[in-house]
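Fold and geometry: a report
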Amino acid sequence: SICFFTLVLKAQFLCEPSDTRLVLTGVLKWQDPNVPSFSDDNRKDQELYDLLASTGIPDSARTILLDNQGTLEKMTNTIRRQMKACTENSTFVFYYAGHGSKIGNNYYFCNYDMGNQESSMFNVETLYDLAAKHFKGKRIILMADCCYSGSLLAVGKKIADLGKEVIVLTSATSSNISTGNWTFTQTLLDDL
């Protein structure tokens, strides 16, 4: 836990808010009624967004996608747009809260409109693909509060191999489930 807090504090000083791009997605309810919803009482994803916004990240440089806004297309397009807008010294911050899923050897963040096909879900590897094609900035911070969120570590390592600085903060390893109680995000809020 010392490493976790050190990374968060270091991240605070690594980011110049005026040259930071943020995409925050929180999906607590899904189009498919068979997917268990989370309570939106005391949502911590919105609170984290508000806190990060208060640091001075410009309005045009930050996007929040909550529940039905967190579709596969919107997530992908928003990440692409914000990455493409980065300058050579920019920091790109991505955060996801909701359900995480593992199917075979692939990991997914469960977007609002996901279906039964893997192609309808946000593959965590998409973050690497978009960074490799569009990110010209300096640093990427990846955070997730969901089951299997540790899958971001492998993505972060691949992005680091592109010569980028990468910080990964997650609520679980790639083989574990998360608490479902905002524990990680609340700790992040408290630390920031």
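For every chain, the first residue of the written sequence is number 1, and numbering continues from 1 onward in sequence order. Totals for whole chains, interfaces and linings use all residues, but because this is a predicted model, local features are given only for residues with pLDDT of at least 70 and pairs of side-chain atoms are given and counted only at 80 or more. Side-chain calculation: all heavy atoms of the structure are included, whereas hydrogens and water are not.

A few words now on the packing of helix α2 (residues 44-53) against helix α6 (residues 183-191). In this description, a line fitted to the C-alpha atoms serves as the axis of each element, helices being fitted only across the stretch in contact, and the angle between N-to-C directions of two axes falls anywhere from 0 to 180 degrees. In this description a helix means any DSSP run of H or I spanning at least four residues, a strand means any run of E spanning at least two, and both kinds are numbered starting from the N terminus. Contact geometry of α2 with α6 gives a least axis separation of 10 Å together with a crossing angle of 25 degrees. On the basis of the axis angle, α2 is roughly parallel to α6. Seen along the crossing, α2 lies across α6 with a hand that is left-handed. When α2 is examined against α6, the residues Lys44, Asp45, Glu47, Leu48 and Leu51 are found in contact with a partner set consisting of Thr185, Gln186, Leu188 and Leu189. Throughout this entry, Asp, Glu, Lys and Arg are counted as charged residues, while Ala, Val, Leu, Ile, Met, Phe, Trp, Tyr, Cys and Pro are counted as nonpolar. The remaining residues, Gly among them, count as polar. The residue makeup of the contact of α2 with α6, split by class, is four nonpolar, two polar and three charged. Oblique is the label for any angle not covered by the other classes, which are roughly parallel (under 35 degrees), roughly antiparallel (over 145) and roughly perpendicular (65 to 115). With the far helix as reference, a near helix turned anticlockwise by less than a right angle produces a left-handed crossing, and one turned clockwise produces a right-handed crossing. Contact between two residues is taken to exist if any of their heavy atoms lie within 4.5 Å; hydrogens are not considered.

For the rest of this paragraph, the subject is the nonpolar core. What is meant by a nonpolar core is a set of buried Ala, Val, Leu, Ile, Met, Phe, Trp, Tyr and Cys residues, joined one to another through side-chain atoms within 4.5 Å. Each residue's exposure class comes from its accessible area (1.4 Å probe, protein chains only) as a fraction of the maximum for that residue type: buried when under 20%, exposed when over 50%, partly exposed otherwise. Ranked by internal contacts, the top residues of the largest apolar core, which has 32 residues, are Ile79, Phe92, Phe94, Tyr96 and Phe109. If you tally residues by element for this core, the top one is helix α4 (residues 126-134), at four residues. In contact with Phe94, not counting residues within four places along its chain, are Val23, Ile79, Phe109, Leu127, Ile141, Leu142 and Met143. Formed by 21 residues, the second largest nonpolar core is a distinct cluster that contains Leu48, Ala61, Ile167 and Leu188.

Moving on, we come to the environment of Glu88. You can see Glu88 is positioned in the loop between α3 (72-84) and β3 (91-97). It is 8.8 Å that separates the C-alpha atoms of Glu88 and Phe135, two residues lying 47 residues apart in sequence. Leaving out residues up to four positions away in the same chain, Glu88 has contacts with Lys136, Gly137 and Lys138.

Purely geometric stuff here, so don't read any function into it on its own.
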